[in-house]
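Coordinates in review
Residues per chain, in single letters:
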Amino acid sequence: MTQPTSTDLIRAAREAFNRAIAEKDAKRIRPLLAASYHLVTGRSDQFHGADEEEIRWAELFQNDPTSVYRRTPREITTNDSWGIAEELGNWQGEYSINGNLVRASGVYAAKWQRTQNGNWVLQAEIFTTIKFDEACIPPDPI
């Protein structure tokens, strides 16, 4: 049986993140993040720390049960010797503002780091909003 490659493991971790968002489970997001995780949202807001990010997702899920985001990798480049990788992809999201469903989408870059136990965790993500419904201002979490 063939061992999964680093790219396979990162794709699986990304899909686990997408499932956790779809199922509104912030506790399953936390293990996918390095403790020093850093986020730049599509609105250029910045947040730091995996524990804080878990809280932000939990609050989003509670305050807006319609919200859902999906990240789709286009390219993953790994440096297995150093245990680091870059993921480039597209994202799309839906959420509610004043009872109206709005949509946004864009591109992202993510930096992954391999842990001592061989898992891949997100060290940083940067999202850029490219398209959004004209009547909305995108919310902070992306």
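Residues numbered from 1 in each chain as written. Predicted model: local features only at pLDDT ≥ 70, side-chain atom pairs only at ≥ 80, totals over all residues. Heavy atoms only, no water.

1. Quick word on the overall build of the protein chain
How we decide: In this description a helix means any DSSP run of H or I spanning at least four residues, a strand means any run of E spanning at least two, and both kinds are numbered starting from the N terminus. This radius of gyration counts C-alpha atoms alone. The globule rule is 2.2 Å times how many residues there are, raised to the power 0.38. Contact between two residues is taken to exist if any of their heavy atoms lie within 4.5 Å; hydrogens are not considered. Note on areas: Shrake-Rupley with a 1.4 Å probe; residue coverage comes only from the protein chains shown. Counting rule applied: Lys, Arg positive; Asp, Glu negative; His and chain ends not counted. Charge positions are represented by NZ for Lys, CZ for Arg, CG for Asp and CD for Glu.
Helix and strand content of the protein chain: 3 helices and 6 strands. Rg of the C-alpha trace for the protein chain: 15 Å, near the compact-globule value of 14 Å for 142 residues, within the 12% margin. Seen through its principal axes, the protein chain has C-alpha atoms that stretch 50 × 30 × 25 Å. The contacts of the protein chain with a sequence gap of at least 6 include a subset with a gap of at least 24, amounting to 55%. As presented, the protein chain carries roughly 7900 Å² of accessible surface, and 50% of it is formed by carbon and sulfur atoms. For the protein chain, the separation between the mean place of its 16 positive charges and that of its 20 negative charges on side chains is 3 Å.

2. Thoughts on the packing of aromatic side chains
The line we're drawing: A pair of Phe, Tyr and Trp rings is counted when the ring centres sit within 6.5 Å of each other, with Trp represented by its six-membered ring. The angle between the planes then sorts it: under 30 degrees is stacked, over 60 is edge-to-face, the rest tilted. Only protein chains enter the calculation, and the probe is 1.4 Å; a residue is then buried if its accessible area is under 20% of its type maximum, exposed if over 50%, and partly exposed in between. The criterion for a charge sitting over a ring is simple: Lys NZ or Arg CZ within 6 Å of the ring centre, and within 35 degrees of the ring normal.
Within the structure shown, the criterion is met by 7 aromatic pairs. Ring geometry for Trp 57 versus Phe 61: centroids 5.5 Å apart, planes at 35°, classification tilted. Here Trp 57 and its partner Phe 61 are both found in helix H3 (residues 50-63), 4 residues apart, which amounts to about one turn of the helix. On the basis of relative accessibility, which here comes to 9%, the residue Phe 61 falls in the buried class. With centroids separated by 6.1 Å and ring planes inclined at 75°, the aromatic side chains of Trp 57 and Tyr 69 adopt a geometry described as edge-to-face. Taken together, the residues Trp 57 in helix H3 and Tyr 69 in strand S3 (residues 68-79) connect sequence positions 12 residues apart. Comparing Trp 57 with Tyr 69, the two get one shared label, buried. Put simply, the rings of Phe 17, Trp 57, Phe 61, Tyr 69, Trp 91, Tyr 95, Tyr 108 and Phe 127 pair up and form one aromatic cluster. Between Arg 56 and the ring centre of Phe 47, over which it is positioned, the NZ or CZ distance is 3.7 Å. Its end group placed over the ring of Phe 17, Arg 71 keeps NZ or CZ at 4.9 Å from the ring centre.

3. A word on helix H1 (residues 6-22)
What counts is decided by this rule: Expected span of a helix, by definition, is 1.5 Å for each gap between consecutive residues, and there is one gap fewer than residues. Note that the arc is defined by the directions from the helix axis to the C-beta atoms.
Across its 17 residues, H1 extends 24 Å between first and last C-alpha, which sits within 8% of the 24 Å expected from 1.5 Å per residue. Buried residues of H1: Ser 6, Ile 10, Ala 13, Arg 14, Phe 17, Asn 18, Ala 20 and Ile 21, and no others. Across the axial projection of H1, the buried residues extend over an arc of 160°, all falling on one side. Of the residues flanking the end of H1, it is Lys 24, one or two places downstream, whose phi is positive at about 60°.

4. Quick word on the nonpolar core
The condition is simple: Within this scheme, the nonpolar core is defined by two criteria: the residues are buried Ala, Val, Leu, Ile, Met, Phe, Trp, Tyr or Cys, and they are joined through side-chain atoms within 4.5 Å.
Counting residues in each nonpolar core, the largest one holds 28 residues, and the members touching the most others are Phe 17, Ile 29, Trp 57 and Trp 112. Excluding residues that lie within four positions of it along the chain, Ile 29 makes contacts with Phe 17, Ala 20, Ile 21, Trp 57 and Phe 61.

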